[in-house]
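Structural description and commentary
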Amino acid sequence: MDLGFTEEQEMLRTTARDFLEKECPKSLVKEMAEDEKGYTPELWRKMAELGWMGLAFPEEYGGMGMSFIDLAVLLEEMGRACLPGPFFSTVVLCGFTILEAGNEEQKREFLPKIANGDLILALALTEPSARYDPASIQIKAVPKGDDYLISGTKLFVENAHIADYIICVTRTKNGASPEEGITIFLVDGGSAGISTTLLKTIAGDKQCEVIFDNVRVPKKNMLGELNKGWGVVEKLLEKATAALCAQMVGGAQAALDMSIAYAKERVQFGRPIGSFQAIQHYCANMVTDVDGSKYVTYEAAWKVSNGLPATMEVSMAKAWVSEAYRRVTLLGHQIHGSIGFCMDHDMPLYFKRAKAAEPTFGDADWHREVVAKQLGL
Amino acid sequence: MNLDFTEEQEMLRTSARDFLTTECPKTLVRELEESEKGYSPELWKKMAELGWMGLVIPDKYDGMGMQFMDLAVLLEEMGRNILPGPFFSTVVLGALPILSAGSEEQKKEILPKIAGGKAILTMALTEPSATYEASGVHTKAVARGNSFILNGTKLFVENAHIADYIICVTRTKDGASPEEGITLFLVDAKSPGIKCAVIPTIALDKQCEVVFENVSVPKKNMLGELDKGWPLVARTLEQATMAKCAEMIGGAQAALDMTVAYAKERVQYGRPIGAFQAIQFYLSDMWMKVTMSKNITYEAVWMVSEGLPCTEKVAIAKGWVNDAYKFVTERGVQVHGAIGTTRDHDMGLYYRRAWAADQTFGNTDFQREVVARQMGL
Amino acid sequence: MDFRFAEEEERFREEVRAFLKKEVTEEFLMGLEDRGELDFSREFTKKLAEKGWLAMAWPKEYGGGGATMMEQLIFNEEIGYFQAPTGAHRQGINLIGPTIIAHGTEEQKRRHLRGITAGEVVWCQGFSEPNAGSDLASLQCRAVEEGDDYLITGQKVWTTNAHRADWCHLLARTDPEAPKHRGISYFLVDMKSPGITVRPLINMVAAHDFNEVFLDNVRVPKENMVGDKNQGWYVSQVTLAGERSQIGLPSSCKRTLEGLVEYVKETKRNGEPLAHNPIVRRKLAEMAVEIEVNRMIAYRVAWMQHKGLIPMVAAPASKLFGSELLQRLTGIGMEIMGLYGQLELGSKWAPLRGAMARMHMYSLGIAIAMGTNEIMRNILAIRGLGLPRA
């Protein structure tokens, strides 16, 4: 057993932290929340040069051949920095889908471009039912000649407005079970019939409503097998959830660090507020939550990374981290008092991200239900 | 609006408190917990002389003709002091349903005995399914000649082992709904075929398993109407639930008072532990829960006393008080430290009663579901 | 005990309710939102004044209605339920008015009270400073005598409505040598005075409610001091005289809960109404319980005040519980809405106009404003339970 990070991973963490502190200051984060695109091509380019987009892709597809746990380290730092932009959707949600389900041709075409930072992708999975189960996939794809025609509405699709390609999860058949009849397509973001509208969300992330109106997709753009896409989605969701937990853990740690620093520096009643027992206990509760979140996330990420069954661990992690991140930011706000309630302050960035991450890929109740099923209930 | 108790109620409270402090010290409480009968006949006699058993029984049946609200005041003091014995089962579960539904003859026969401290009663409602819903009643009563023959097992029947009468809730018909076909009988506890065993419980409060095997009960001992007994049970449960809440708020207040006193007296690091912010926060949260429990209990008790529709308010109160009493005794133990965990310490008496009361007449989840239905969900 | 209101009280409630139903419409609230003045409407405040409700519990001799605390409670409960804007009069009615009545000179009463009861003059409160939050008595803002005036210099912060207010009541240090509570005086300052700069502070909901106020040798006539010199700390304690039940929190939560109940009944997830989900049911029922519990403690506060008692412990408890309840309720609302919970105002997809996320963020501020919940717990423990000071 080895519960530590490798030297390389520690180096990756340090370089990522240094880079993001310099290149992605909170002023940029706030600017991007208001910006329509939500990212800067310069920073995107620099990240590509560092090899981040291809970090976990095999070398044969232009990647660095590193593991999922390495990627988790990077994501943790991104969560800490509140990095805006399409990294998560491009690499985690779409890159992995292509890697998992794509044929050789598709992999050769797309993965190197993703690794180079030449492509931005978005995953169109959820619909107005806002759930992550197969029954929610209602958007239709109907064959017509050499193509499929996709029609329907996808909701909460991050970065669809800037995506070169949208991976769309569709229903191609009404099977005996909802899992049957789901097919995944790689859709050119510029195709006729796609209209995207940005949603106004608390975290200022760029989630979109995407309407597909008879959008034509060539058959060769199918990812994986006809009608058998749900298995791919399920696997992807496991990875994405673990990846999101890593981001959340980074954010929670940052909120804790900020709060401790403030508790040491803010003086009331003639002494730093951190000398008051109430604040000390708040900090103790926060660090307990942050550490608990980290270890349960690392376990899940490790299992994912090693290709082991991880359903239970991933769900335990998301159920725990969803609530822990919220608790940590709430206490962080309480420690900061009024100053933390200002828009200019960094604390709300974390609070809003905690709230936004809570329902993403299923909230705590959803994942507790998964855990209950895994327990045989 | 008037949120104060009357002068008479305040006097009742004071005299009850004084009486119980003198006559029912904690040494007696512990002794009775371990005793077989679970009550002291001497104390029982003195309580009868004070008129407590007949408090809410009308004058014409030798009672004092007071209101349910007055009874609640008395029960609060009993909960505060912890009074072991059959007062609750006799008065709340025995006298009240007889008052509600008994025939003149039944009232004349039994109520004066209760008021005089000469009869101990209990109600046999719950069965091994341990729910308070009509669907949980399976004990059968079948008509034969001038009698009904009772068969079945009742569980968690308080004081059945010392009872003179057991009000048994039976099923006389399988109706369209579980509420249909319920009939109550006033059963002489000495009847052949009744077997009674005390089960060891957390509060050592003499709950029994009662097996009815071909127990013959004269038809004239039916309480209320044939097959239409459920509304009487429901009404009794509302009264009993609020009576239980009254006991619980008394106990919660006592646990709080003990803890506040200890926090002022116990010195660590050169000062009373009550000067530490953490302890102050515990105690202020405890104070809030206790005070809110009282306010919410009084409101619902008043509604029961006035005969107003109160299903929602009763469920609200019990759900809240359950959690509050458990919280207060749990924090109480925490503030007391190791000493509070010993069997000899009084905090444990309250802690154990909080957990016993929690389940009685419906735990918090049960009450929340009642509230949800009342909200139209 | 008797939990019923008297018949005339019920009639009064009906009258208030009918009025609010007519005035505080969805369109009205959305109009305020569009102006970025969610909780602020001079027009609405004036209408309340015309009804005679604004200062209803003030003594008649000062332009009040002489109403009982229970009537005031009923009024505040309805205002809270309709989530009506009170920002234009809250300070004047609850804080500064009662302070002037208790400690002001005849001249101050003549000059200021009418503007408050008529809903014409908006007040803000200059108490907090960058280094004086919970520890308010350590404030540094200085007032120096010069002839018939004081010159006030310093910085105030979190000053709600400073950018809209006509007047400010503020605390400034008049004796820097004295122990910190004993060198403070209480001033009434015209916000149009030269030397005052108001700088906006945008809160995390992106709204402009509070401000920084910079005072640079602001000349304030001596007659604008309330109470004696160096007695300001004690004068400011009177601000606790108004109706203190905080009933508005649970009654506003009740409205929000009703909205959520409607939402879960009509929203289906894969064909099944959310209202059938046992977790949703339990959460909403829990909120109904907490709202009722909160309402009862608030009633108790008003009842004590009604009888002339000071709800030393119950009042902070009500605020403490109410603010945490709002946090839980709106958090649960967001949870139940799932991904939709994160949508803000102005999205066609946003349930309940996107109010849930906004209220949830606002709840963070409420747990901090007017005495943080930590200070409230200390007050409870020390004043209520008699525990020793740390």
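In this numbering scheme, every chain counts its residues from 1 along its sequence in written order. Ligands are numbered from 1 and chains lettered from A, in the order in which they are written. Per-residue local features of the predicted model are confined to residues with pLDDT of at least 70, and side-chain atom pairs are confined, for both listing and counting, to 80 or more; whole-chain, interface and lining totals are unaffected and use all residues. Only hydrogens and water are set aside when side-chain values are computed; all heavy atoms of the structure are taken into account.

On to the overall build of chain B, then. The helix and strand labels rest on DSSP assignments: H or I over at least four residues marks a helix, E over at least two residues marks a strand, and numbering proceeds from the N terminus. Scanning chain B from N- to C-terminus turns up eleven helices and ten strands. Relative to the compact-globule value of 21 Å for 377 residues, chain B shows a C-alpha radius of gyration of 21 Å, a close match. For chain B, the C-alpha atoms occupy an extent of roughly 80 × 50 × 40 Å along the three principal directions. With a 1.4 Å probe rolled over the protein chains alone, any residue whose accessible area is under 20% of its type maximum counts as buried; one over 50% counts as exposed, and the rest are partly exposed. Evaluated residue by residue, chain B yields a buried proportion of 62% over its 377 residues. Contacts are residue-level and defined by heavy atoms, with any inter-residue pair within 4.5 Å sufficient. Long-range pairs, those at least 24 residues apart, make up 74% of the contacts in chain B with a sequence separation of at least 6. His is not counted, nor are the chain ends, whereas Lys and Arg count as positive and Asp and Glu as negative. Positions of charges follow a simple convention, taking NZ of Lys, CZ of Arg, CG of Asp or CD of Glu. Averaging the coordinates of the 40 positive side-chain charges in chain B and doing the same for the 48 negative ones gives two points 2 Å apart. Atoms counted for the radius of gyration: C-alpha only. Globule rule: 2.2 Å times residue count to the power 0.38.

Once that is clear, we can look at the overall build of chain A. A count of helices and strands for chain A gives eleven helices and ten strands. Principal axes of the C-alpha set define a box for chain A whose edges measure 80 × 50 × 40 Å. In chain A, buried positions account for 59% of the 377 residues. The contacts of chain A with a sequence gap of at least 6 include a subset with a gap of at least 24, amounting to 73%. Surface exposure here means Shrake-Rupley accessible area, sampled with a 1.4 Å probe, where a residue is shielded only by the protein chains that are shown. Accessible surface computed for chain A: about 15000 Å², of which carbon and sulfur atoms make up 53%. For chain A, the distance from the average position of its 39 positive side-chain charges to the average position of its 51 negative side-chain charges is 4 Å.

Residue and element names in this part refer to chain A. Sheet analysis places strand β2 (residues 140-144) next to strand β3 (residues 147-158), joined by five bridges and oriented antiparallel. Each bridged residue has a counterpart across the sheet, and for V142 the counterpart in β3 is L149. Strands were regarded as paired on the criterion that DSSP finds at least two bridges between them. Adjacent in sequence and paired antiparallel, β2 and β3 are bridged by two residues, among which G145 carries a positive phi angle near 60°.

On to the interface of chain B and chain C. Of the residues lining the interface, 42 residues belong to chain B; the matching set on chain C comes to 47 residues. Two parts placed together each lose some accessible area; with a 1.4 Å probe, that loss summed over both constitutes the buried area. Counting each side, the surface lost to burial between chain B and chain C is near 4400 Å², with a carbon and sulfur contribution of 70%. Summed over the three residues of chain B that lose the most area to chain C, namely B:M1, B:L3 and B:L377, the buried surface amounts to 20% of that side. Salt bridge, as used here: a side-chain nitrogen of Lys or Arg that lies within 4 Å of a carboxyl oxygen of Asp or Glu. At the junction of chain B with chain C, the criterion picks out seven salt bridges. Across the pair C:R295 and B:E299 runs a salt bridge, and its minimum N-O distance is 3.2 Å. If you tally residues by element for the side of chain B that touches chain C, the top one is helix α8 (residues 277-306) of chain B, at 16 residues. Polar here means any residue other than Ala, Val, Leu, Ile, Met, Phe, Trp, Tyr, Cys and Pro, which are nonpolar, and Asp, Glu, Lys and Arg, which are charged; Gly is therefore polar. Here the residues of the side of chain B that touches chain C sort into 23 nonpolar, eight polar and eleven charged.

Moving on to the domain arrangement of chain B. Residues and elements named next belong to chain B. Domain parsing of chain B yields domain 1 (7-118), domain 2 (123-228) and domain 3 (231-374). The centre of domain 1, based on its C-alpha atoms, is set 22 Å off from the matching centre of domain 3. If you look at the interface, domain 1 gives 22 residues, while domain 3 gives 30 residues. Across the interface of domain 1 and domain 3, roughly 2200 Å² is buried in total on both sides, 63% from carbon and sulfur atoms. For the domain bounds, the source is a domain assignment made automatically or taken from a database.

Our next topic: the interface of chain A and chain B. At the interface, six residues of chain A touch five residues of chain B. Across the interface of chain A and chain B, roughly 390 Å² is buried in total on both sides, 57% from carbon and sulfur atoms. When the area that chain A buries against chain B is broken down by residue, the three leading residues are A:Q277, A:A278 and A:H281, summing to 81%. In this assembly, chain A and chain B are joined by zero salt bridges. The residue inventory of the side of chain A that touches chain B, partitioned by class, reads four nonpolar, two polar and no charged.

All right, on to the pattern of salt bridges then. Across all of its chains, the model carries 86 salt bridges over all chains by this definition. Across the pair A:K46 and A:E23 runs a salt bridge, and its minimum N-O distance is 2.9 Å. With A:K46 in helix α3 (residues 41-49) and A:E23 in helix α1 (residues 7-23), this residue pair connects regions lying 23 residues apart in the sequence. Exposure remark for A:K46: the relative accessible area of 33% places this residue in the partly exposed category. C:R17 serves as the salt-bridge partner of C:E78, at 3.1 Å between the closest nitrogen and oxygen. Here C:E78, found in helix α4 (residues 69-81), pairs with C:R17, found in helix α1 (residues 7-23); they are 61 residues apart in sequence, far enough to count as distant. For C:R17, a relative accessible area of 32% gives the class partly exposed. Residues joined by salt bridges that share partners form a network here, namely A:E323, A:R326, A:K355, A:E358, A:D365, A:R368, C:K283 and C:E335.

Before going further, it helps to examine the nonpolar core. By size, the foremost hydrophobic cluster in this structure holds 356 residues, and its most contacted members are A:W52, A:F87, B:W52, B:F87 and C:L284. The dominant element in this core, judged by the number of residues it contributes, is helix α7 (residues 230-265) of chain A, at 19 residues. Each residue touching A:W52, except ones within four places of it in the same chain, is listed here: A:L12, A:A16, A:F19, A:L20, A:M47, A:L74, A:M78 and A:F87. Only buried Ala, Val, Leu, Ile, Met, Phe, Trp, Tyr and Cys residues count toward a nonpolar core, and they belong to the same one when joined by side-chain atoms within 4.5 Å. Among the nonpolar cores identified, the runner-up in size contains 22 residues, and C:C141, C:A162, C:M191 and C:V218 belong to it.

Let us now look at the packing of aromatic side chains. The criterion for an aromatic pair is that two Phe, Tyr or Trp rings (for Trp, the six-membered ring) have centres within 6.5 Å, with stacked assigned to planes under 30 degrees apart, edge-to-face to planes over 60 apart and tilted to the rest. The full count for this structure, using the stated rule, is 36 aromatic pairs over all chains. Between A:F156 and C:Y340, the aromatic rings sit 5.0 Å apart at their centres with planes inclined by 80°, giving edge-to-face as the arrangement. Highlighted residues: A:F156 in strand β3 and C:Y340 in the loop between α10 (314-337) and α11 (355-366), drawn from two different chains. C:Y340 matches A:F156 in its accessibility class, with the two residues each being buried. Ring plane angle 65° and centroid distance 5.1 Å describe the contact between C:Y150 and C:F187, whose orientation is recorded as edge-to-face.

The next thing to look at is helix α2 (residues 26-34) of chain C. In an α-helix, one full turn covers 3.6 residues, which means residues spaced three or four apart are oriented alike. All names here are of chain C. Listed in full, the buried residues belonging to α2 are L29, L32 and E33. The buried residues of α2 occupy an angular sector of 105° when the element is viewed end-on, so they sit on one face. Projecting away from the buried face of α2 at angles above 90 degrees are the exposed residues E27 and D34. Elements that come into contact with the buried residues of α2 comprise α11. Our arc is simply the arc of the directions from the helix axis toward the C-beta atoms.

With that settled, the discussion passes to the packing of helix α9 (residues 311-336) of chain A against helix α10 (residues 347-357) of chain A. Geometrically, a packed helix pair is captured by the angle between its two axes and the distance between the axes. Residues and elements named next belong to chain A. Simply put, an axis is a line fit to the C-alpha atoms, just over the touching stretch for a helix, and the angle between two N-to-C directions goes from 0 to 180 degrees. Viewed as axis vectors pointing N to C, α9 and α10 meet at an angle of 155°, and their least axial separation amounts to 9 Å. Compared by their axis directions, α9 and α10 come out roughly antiparallel. By crossing handedness, the relation of α9 to α10 is classed as left-handed. Contact with α9, carried on its side by K318, Y325, R326, T329, L330, G332, H333 and H336, involves M347, P348, Y350, F351, R353, A354, K355 and A357 of α10 and no other residues of that element. Residues of the contact of α9 with α10, tallied by class, amount to eight nonpolar, four polar and four charged. Angle categories are assigned with fixed cut-offs, so that under 35 degrees is roughly parallel, over 145 is roughly antiparallel, 65 to 115 is roughly perpendicular, and the rest are oblique. Two helices cross in a left-handed way if the nearer one is turned anticlockwise from the farther one by less than a right angle. They cross in a right-handed way if the turn is clockwise.

This part covers the packing of helix α11 (residues 364-374) of chain B against helix α9 (residues 278-306) of chain C. At a minimum axis distance of 8 Å, the contact between α11(B) and α9(C) shows a crossing angle of 85°. Between α11(B) and α9(C), the angle is such that the two are roughly perpendicular. Residues B:D365, B:R368, B:E369, B:V371, B:A372 and B:R373 of α11(B) form the contact with α9(C), whose participating residues are C:R281, C:R282, C:A285, C:E286, C:A288 and C:V289.

Before going further, it helps to spend a moment on the side chain of C:R13. Residues and elements named next belong to chain C. Its location among the elements puts R13 in helix α1. Relative accessible area serves as the criterion here: at 6%, R13 is assigned to the buried category. Polar contacts, as counted here, are pairs of nitrogen or oxygen atoms within 3.5 Å of one another; within protein the pair requires one atom able to donate a hydrogen and one able to accept it, and residues that are adjacent in sequence qualify only if both atoms are side-chain atoms. A distance of 3.1 Å separates the side chain of R13 from the side chain of E77, its partner in a polar contact. Once residues within four sequence positions are removed from consideration, R13 is found in contact with F5, I74, E77, E78 and Y299.

Residues and elements named next belong to chain A. By the assigned domains, chain A splits into domain 1 (7-119), domain 2 (123-228) and domain 3 (231-374). Its C-alpha centre places domain 2 at a distance of 30 Å from the equivalent point of domain 3. Taken together, the eleven residues of domain 2 in the interface contact 14 residues of domain 3. With both sides pooled, the region where domain 2 packs onto domain 3 buries about 970 Å², and carbon together with sulfur makes up 77% of that total. Among the residues domain 2 hides against domain 3, the three largest losses belong to Y132, I202 and A203. Together they make up 56% of the total. Along the contact surface separating domain 2 from domain 3 lie zero salt bridges. Here domain 2 is connected to domain 3 by one residue pair in polar contact (both at pLDDT 80 or more).

Now for the environment of B:K289. All names here are of chain B. Looking at the element boundaries, K289 is found in helix α8. K289 gets classed as partly exposed once you look at its relative accessible area, which sits at 25%. Along the sequence, K289 and A252 sit 37 residues apart, while their C-alpha atoms lie 8.9 Å from each other. Excluding residues within four positions of it along the chain, K289 makes contact with W320, A324, F327 and V328.

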